[in-house]
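As a plain string of letters, each chain reads:
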Amino acid sequence: MDIVLDFFDDYVGDALYAKLHNPFTTLLASQSSPSEWAAYAASNLTSSPPPTSMKSVTTFLAELPGLNTLPRDSILRQSLSLYVITYIGILLLYFGVATFSYYAIFDHRMKHHPRFLKDQVRKEIMFSLDAFPLLDLLTLPWFVGDVRGHSMLYDTIAEGPFGTSAAAWKPWAYMIFSAALFLWFTDMCIYWIHRWLHIPMFYKRLHKPHHKWIIPTPFASHAFHPVDGYLQSIPYHLACYLFPIHKYMFIGLFSFVNLWSIFIHDSDMLCGHPLEHYINGPAHHTLHHIFFNCNYGQYFTWADKVGGSFRVPAKGDDPMDAVLAIIEAKKKNGGKITKAEVLEIVEAEADAASRQTSDDDTEIALEKKKMQ
Ligand SMILES: [Zn+2]
Ligand SMILES: [Zn+2]
């Protein structure tokens, strides 16, 4: 984060902080001025002067240093700046990428699914906006620790663990290894944190709000209880305190995982691709939102396979089936459909899904056998 903070200070921070004088110093100076007091007394003949205690509070506040006096390396200035930078960053990322994904990838017919909530997109956005301020605050110590030199992020190849090695390939090989380690470590931790968040005691207090979106849109990607969102983000921050990662590599990886979180919420079912057995994509996460007890992973399926919670996406699971059935039924009935008919379609969808569960059990058993 120090790269981002330096950039902010160079182009915005220094000029901005220079203007942030202590307003109480100005206020006290204006009140102390004889001409001001004379004008005040002339226009308020019946008023009594401000009480002494009020004056002393103003004097106390006026003696505090203004933000303009804080040097770049002041922990207060770093904390304030990082809070603002992170807040703006998350807003840009959320609205930029989720809007793109919503219009370019998300199939808008999905909004006709009976489990799609009324006004859901607005609710997802409002929920996310409510969560961001606290989420940002909870994340702040990790970023402040990093800019104050406590993380294991390194600036240049020479500062890396193999930077002074005679073999030029070693630092580059380490960079590839650290990226793989980052993905493996964060995927494994998020799997278990997410799974523990489904323990009823934690689920109802923290994780349930995210499962309000049974048919999620990309805007659901950050619609978490802030503590839930924070717990699931801890592995990303912890990783750069546990093993060396190049700073630019970390920025790239951190951006990638945020993009991935948005991408897996587009409710798309990419059925039949061989990679679905290894990569946890939108189809897997859609199934997690529908069935709650499968596919807790983030990018790979291995943790779910080891933990016995893997469910391979299959045609019978696709929520689009119910949407298409409803659209078809409406066409037949001149654009109308009764609640009973919708219910029948949803039940048929659930039946198809439960038939798939037994297939999944077989699949998990086979995968486990392969790993032994
Ligand atoms: Zn989700
Ligand atoms: Zn969950």
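Residues numbered from 1 in each chain as written. Chains lettered and ligands numbered in written order. Predicted model: local features only at pLDDT ≥ 70, side-chain atom pairs only at ≥ 80, totals over all residues.

**Looking at the overall build of the protein**
For the protein, the helix and strand inventory stands at 14 helices and two strands. Put simply, the protein has 372 residues, and 30% of those count as buried. Sequence-distant contacts, at least 24 apart, represent 71% of the contacts inside the protein between residues at least 6 apart. (Helix = DSSP H or I, 4+ residues; strand = E, 2+ residues; numbered from the N terminus. Buried ≥ 20, exposed ≤ 12 C-beta atoms within 10 Å, placed from the backbone. Contact = placed C-beta atoms within 7 Å.)

**Observations regarding unusual backbone geometry**
With a phi angle near 70 degrees, Phe292 is a residue other than glycine that sits in the positive phi range. Of note in this structure, Asn295 is not a glycine but carries a positive phi near 50 degrees. Judged by local crowding, Asn295 falls into the buried class, with 28 C-beta atoms found within 10 Å.

**Notes on the UniProt feature "transmembrane region" (unreviewed entry) in the protein**
UniProt annotation of "transmembrane region" (unreviewed entry) refers to residues 80–105, 125–144 and 172–193 when read in the numbering used here. For residues 80–105, the helix share is 96%, the strand share is 0%, and the end-to-end C-alpha distance is 36 Å. Counting secondary structure, residues 125–144 comes out at 100% helix and 0% strand; the distance between its end C-alpha atoms is 28 Å. (UniProt positions renumbered as here; feature names shortened; annotations may be inferred.)

**Description of the nonpolar core**
Core analysis: the biggest nonpolar cluster contains 25 residues, and Met110 and Ala223 have the highest contact counts within it. Where this core is concerned, the elements lending two or more residues are helix 5 (75–104), helix 6 (120–147), helix 11 (282–291) and helix 13 (319–332). If you count residues domain by domain, this core takes at least three from each of domain 2 (75–267) and domain 3 (273–372). Discounting chain neighbours no more than four positions away, the residues touching Ala223 are Glu124, Phe127, Ser128, His210 and Trp213. Formed by nine residues, the second largest nonpolar core is a distinct cluster that contains Phe182, Cys240, Phe250 and Leu253. (Core = buried A, V, L, I, M, F, W, Y, C linked by C-beta atoms within 7 Å. Domains from an automatic or database assignment.)

**Topic: helix 11**
Within helix 11, nine of the 10 residues are buried, leaving the element largely enclosed by the surrounding structure. Of all the residues in helix 11, the buried ones are Pro282, Ala283, His284, His285, Thr286, Leu287, His288, His289 and Ile290. Phe292 occupies a position one or two residues after helix 11 and carries a positive phi of about 70 degrees.

**Looking at helix 13**
Structurally, the α-helix is built with 3.6 residues per turn, so residues lying three or four positions apart point the same way. Taking 1.5 Å per residue as the helical rise, helix 13 with its 14 residues ought to reach 20 Å, and the 21 Å between its terminal C-alpha atoms agrees with that figure. Among the residues of helix 13, those classed as buried are Pro319, Met320, Ala322 and Val323. Along the axis of helix 13, the buried positions cluster into a sector of 160 degrees, meaning they face one direction only. Exposed residues lying more than 90 degrees from the buried face of helix 13 are Glu328, Lys331 and Lys332. Just past helix 13, the residue Gly334 takes up positive phi, approximately 65 degrees. (Expected span 1.5 Å × (residues − 1). Arc of directions from axis to C-beta.)

**What about the packing of helix 7 (residues 169–197) against helix 9 (residues 226–242)?**
Relative to each other, helix 7 and helix 9 sit at 155 degrees, their axes nearing to 9 Å. Relative to helix 9, the element helix 7 is oriented roughly antiparallel. Every pair of crossing elements has a handedness; the one defined by helix 7 and helix 9 is right-handed. Taken together, the residues of helix 9 that come into contact with helix 7 (itself represented by Phe182, Phe185, Thr186, Cys189, Ile190, Ile193, His194 and Leu197) are Asp228, Leu231, Gln232, Pro235, Tyr236 and Ala239. Taken together, the residues that form the contact of helix 7 with helix 9 break down as 10 nonpolar, three polar and one charged. (Axes fitted to C-alpha atoms, helices over the stretch in contact; angles between N-to-C directions. Parallel < 35°, antiparallel > 145°, perpendicular 65-115°, else oblique. Left-handed = near helix turned anticlockwise from the far one by under 90°. Nonpolar A, V, L, I, M, F, W, Y, C, P; charged D, E, K, R; others polar.)

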